[in-house]
Amino acid sequence: MATAHEIRGLGHSVRRKEDDRFIRGKGNYVDDIVLPGMLHMELLRSPVAHARINSIDTSRAEALPGVVAVVTGELLAAHNLAWMPTLSADTQAVLATDKVRFQGQEIAAVIAETAYIAKDALELIDVDYELLPAVTTPQQALEEDAPLIRDDKEGQESNHIYHWEAGDEEATNRAFAEADRVVALDTFYPRCHPAPLECCGCVADVNPATGKATVYMTSQAPHVHRTLFALVAGLPEHQIRIVSPDIGGGFGNKVPVYPGYVIATAASLLLGRPVKWIEDRTGNLISTGFARDYHMHGELAFKGSKMTGLRVKMLSDNGAFFSDAQPTKFKAGLFHIVTGSYDIPAAHVVTDGAYTNKAPGGVAYRCSFRVTEASYMIERLVQTAAYELGVDPVELRMENFIQPEQFPYESATGFLYDSGDYPAAMRLALERLGYDELRKEQAAAREEGRLLGIGVAFFTEVVGAGHGDEYAIAGLRMFDSAELRVHPTGKAILKLGVRSQGQGHETTFGQIIAQELGIPYEDVEVQEGDTDNTPYGLGTYASRSTPVAGAAAAMISRELREKARKIAAHLLEASEEDLEWEPGRFYVKGSPDKAATIQDVAFAAYTNIPEGLQAGLEGVHYYDPPNMTFPYGAYSVVVEIDRGTGAWKVLRVVAVDDCGVRINPMIVEGQIMGGLTEGFGIAAMELITFDDDGNCIGSTFMDYLLPTAWETPEFELDATQVPSPHHPLGAKGVGESATVGSPAAYVNAVIDALAHAGVRNIDMPVTSDKVWQALAEVGLAE
Amino acid sequence: MAVQEALVTRPVTVSVNGTERSAEVETRLLLAHFLRETLGLTGTHIGCDTTHCGACTVLLDGVPVKSCTVLAVQADGREITTVEGLTPAGGLHPIQEAFSAEHGLQCGFCTPGMMLTSVALLAENPDPTPEQIRWAISGNICRCTGYQNIVKAVQHAAATLKEAS
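About the cut-offs
Numbering of residues starts from 1 in every chain and runs along the sequence as written. In the order they appear in the text, chains get letters beginning with A and ligands get numbers beginning with 1. Reporting of local features is limited, given that this is a predicted model, to residues whose pLDDT is at least 70; pairs of side-chain atoms are given and counted only at 80 or more, and all residues count toward the totals for whole chains, interfaces and linings. The start and end points of each domain follow an automatic or database-based domain assignment. Each residue gets a C-beta atom placed from its backbone, and two residues are in contact if those atoms lie within 7 Å. Where helices and strands are cited, they refer to DSSP runs of H or I of at least four residues and of E of at least two residues respectively, numbered from the N terminus. With C-beta atoms placed from the backbone, a residue is buried if 20 or more other C-beta atoms are within 10 Å of its own, exposed if 12 or fewer are, and partly exposed between those counts. The arc in question is traced by the directions running from the helix axis to the C-beta atoms. Axis geometry follows a simple rule: fit a line to the C-alpha atoms, using only the stretch in contact for helices, then measure angles between N-to-C directions, giving values from 0 to 180 degrees. Throughout, the term roughly parallel applies to angles under 35 degrees, roughly antiparallel to angles over 145, roughly perpendicular to angles from 65 to 115, and oblique to all others. Handedness of a crossing is defined here by the sense of rotation of the near helix relative to the far one, left-handed for an anticlockwise turn of less than a right angle and right-handed for a clockwise turn. Two strands qualify as a pair provided DSSP detects at least 2 bridges between them.

Looking at this model, I keep getting lost on the domain arrangement of chain B. Mind explaining?
Residues and elements named next belong to chain B. Partitioning chain B into domains gives domain 1 (2–85) and domain 2 (87–164). With 18 residues of domain 1 in contact, the opposing surface of domain 2 contributes 13 residues. Counting only elements with at least two residues in the side of domain 1 that touches domain 2, the list comes to strand 3 (57–60), strand 4 (63–66) and helix 3 (83–86).

Which parts of the structure should I look at to understand helix 12 (residues 393–400) of chain A?
For an α-helix the count is 3.6 residues per turn, leaving residues at separations of three or four pointing the same way. All names here are of chain A. Among all positions in helix 12, only Pro393, Val394, Leu396, Arg397 and Asn400 are buried. Looking straight down helix 12, one finds its buried side chains confined to an arc of 165°; they lie on one side. Summarising the contacts, the buried residues of helix 12 are in contact with strand 16 (306–319), helix 11 (371–389), helix 13 (422–433), helix 14 (435–447) and strand 20 (451–460).

Just checking my understanding: could you explain the domain arrangement of chain A for this structure?
Accessible area lost upon the coming together of the parts serves often as the stated size of an interface. All names here are of chain A. Taken as a whole, chain A is organised into domain 1 (4–23 + 466–623), domain 2 (33–132 + 200–278) and domain 3 (294–321 + 332–352 + 379–463 + 628–777). Summarising the inter-unit geometry, the C-alpha centres of domain 2 and domain 3 are found 39 Å apart. With 10 residues of domain 2 at the contact, the number on the domain 3 side is seven residues.

When you look at the interface of chain B and chain A in this model, what are you seeing that I'm missing?
Contact with chain B, which involves 43 residues of that partner, is made by 40 residues of chain A. Among the secondary structure elements, those contributing two or more residues to the side of chain B that touches chain A are helix 3, helix 4 (94–101), helix 5 (111–124), helix 6 (130–136) and helix 7 (148–164) of chain B.

I tried to follow the environment of Glu441 of chain A on my own but got confused; where do I start?
All names here are of chain A. As for its placement among the helices and strands, Glu441 is situated in helix 14. Given 15 C-beta atoms within 10 Å, Glu441 falls into the partly exposed group. When the C-alpha atoms of Glu441 and Leu452 are compared, they prove to be 8.3 Å apart, with 11 residues separating the residues in sequence.

When you look at the packing of helix 4 of chain B against helix 7 of chain B in this model, what are you seeing that I'm missing?
In a packed pair of helices, the relevant descriptors are the angle between the two axes and the axis-to-axis distance. Residues and elements named next belong to chain B. Between helix 4 and helix 7, the shortest axis-to-axis distance is 8 Å and the interhelical angle comes to 135°. Comparing the axis directions of helix 4 and helix 7 gives the class oblique. The hand of the helix 4/helix 7 crossing is right-handed. Across the interface between the two elements, Pro94, Ile95, Ala98, Phe99 and Ala101 of helix 4 pack against Ala153, His156, Ala157, Thr160 and Leu161 of helix 7.

Would you explain the environment of Leu35 of chain B in this entry?
Residue and element names in this part refer to chain B. Mapped onto the fold, Leu35 is located in helix 2 (residues 31–38). Overall, Leu35 belongs to the buried group, with 25 C-beta atoms counted inside 10 Å. Residues Leu35 and Val83, 48 residues apart in the sequence, show an inter-C-alpha distance of 11 Å. Leaving out residues up to four positions away in the same chain, Leu35 has contacts with Leu41, Thr44, Val58, Ser67 and Thr82.

Would you take a moment to explain the sheet that holds strand 8 (residues 126–131) of chain A for this structure?
Residue and element names in this part refer to chain A. Spatial ordering of the open sheet is given by 6-2-8, a layout of three strands whose pairing is antiparallel. The open sheet has two edge strands, strand 6 (99–100) and strand 8, and neither has a second partner. Pairing geometry for strand 2 (residues 51–57) and strand 8, over six bridges, is antiparallel. Within strand 8, the residue paired with Asp57 across the bridge is Asp126.

Encoded structure:
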């Protein structure tokens, strides 16, 4: 009999199954795929941000030996493919026909025998641009006389995209009218980029005989992409197969459909040969899904030190096409989680979105639909309020936390928080940090002229979308699925609608089956990413794999266990009610030796089935979650600032996370450390910015800075575990917690070092020159 | 014009993972493409095109180089080790074992380059401090792990190698 330990169910830090191929260099990423007769595609991108295209002359490029075809928007328009729908119900140019609307926009594609020849040919395409004034901020975009960016859209008379509100305006106004103190903060969450180490790409293979399109592509959501392809191309879904092979990181960047995928597929259809398109890094940084770019104004109303109202007004820069990846009815994603971890009785959130001559996207960079911006806003605002009120930032949080007995808690903007014990997580973080002692050290250091800062951020995320009634993308309800097939030998294959990009699904999901059905996790093969071979699912992003697909995997295991019970009763000649279950076997109550293992049952399911029962031990479960899950955590950061240069060094990071039940703690901690690093990068160095002409600054890793091992701090991790009450395993999702929660902790630490001198805000990335400027302004620079 | 001049070819012979390989290549062909496309060794990855990310790191005569910034012709007559050459028959190199044991990888894209840089470090300094490890791998970007477990993996491999010697 297998023990719970041997089957490696929940709570075991087992080594990852997927590691074996990666450490041998035997992963299968999209660029590793080579098909017979395969051609290579490269994209010509616009060098300017806003211009009318007078003409595109491709004749010199077409004449280059080795070039097979040059595709322009005109050619695509003839097939009704020049424009495609976005995930936010807008349209996006596949290849520009009338105008270019951002630097880096796709103008033409060369398909050639080699990628080198295709790149050569790009230089031989002559485009005549008539320059138009570029709009590079949403404030500019909404001015009366701003140039109209989307003149392609009928009825679009300004650059305004949407107006969106959440919460109760009247109640909030009342709270502010009755407040005895209001604290405000203006902050800008700058544009950054997920920049997975592997860029986007695909190999499109349309079979000229059958007409079936197989597209190997970097996709976090292969099933959604198949449906979008079907809608764009007008093909039935069984004629489209999306295969998402190993993915070299995603972080949200691989959620949208990009023009390159569509053009490569169209080219393969037209040429009858497979076409590979692999984006270069500049293409990735300047054209694919960026993140944030939110201008935020927040106000907190207080009575004494009790928060009574929250008002947030935002201006969102969406770039040239509104292609945010988010549930359709939430134009600002789930930003209305901005009340955070606090019991604030009234809140009102207003967001306006604007087109600019910048790359489209607005994906969440390792974040569940704008939750990062919300968490940053409230945690920076609370920190500001603490200084203004003269209260310790931790005390102010403790006093205003939603208390454990208030769950389930309905927030002022309409979320139903499922569970939590915020004070316990906060206390654990303070204890690990030695908070009181550190405050004394800080005061002593200040006496010596040294600037130490202690930053705290307490985040609450909302992840695991749906439920489908509320959350849908392009009409698709945000459920997810798991199909489990147990073979006669007792080994199993689990097929999922999600797709790992490094999160370790092959291990974690095997552990879920081990826990629920008693099959050792080594005996469960997890398959994902191939739409011909897996049940429909909405994909992996927004920390939703464990909350949604993980629940589906648990539920199908439980359904099969019920069938297994019937078979076991037959084998043991006992009644079902007399059987007890323990991981891996059924036994007769009172006679633990009279038992049938799950392997015995699996064999019998194909060889010795009781009358009236269908053969086999297989099934599929579609899980539509009853609610979101609400992971939370307390992050604290200690920094020291160099008064001569403004450089700041992270001395400590203590992160306490509550993501509910942890399936594989090692993998969970890996996710948290990765997120803390990306959060550090965002806080300290990552920036996509533009000059006044709309030239992107941040188009290579020379300008778009990512943290290396040298700058990245050490992390001290700890956990509390309050299970989600509605998730079958009590899990909540964790992939994005640290990216959501940590930027405010790093920035709060820097501000904390300067707060005594009156500094309240430095916008990210908090580079040393900005800090030095702040030091100089308050007379602290050396 | 530039496009035509680039099409000059030269014969190249290199020892890759102990096997001699020859090919006639364009002089502009990058070593990373030579390994991946001409030789089919796809364990070497390309992440940035500008020598920043280190996903394409291989050992050239034992020294880590970013193969996206080395021409294949520059490798002529020299020895190259890729991740495929790291794996001994029927087992794992201590660095491979350590990366898995310490959860030093997630998506796996940076892993081959990261391991080769680490192998070169350990050849030079069998007992590196965490700080020395962080400095040595600072030319290799990992977007997933936050580096802490990579540092542990290199220490783990150092201990294994020390025990074996």
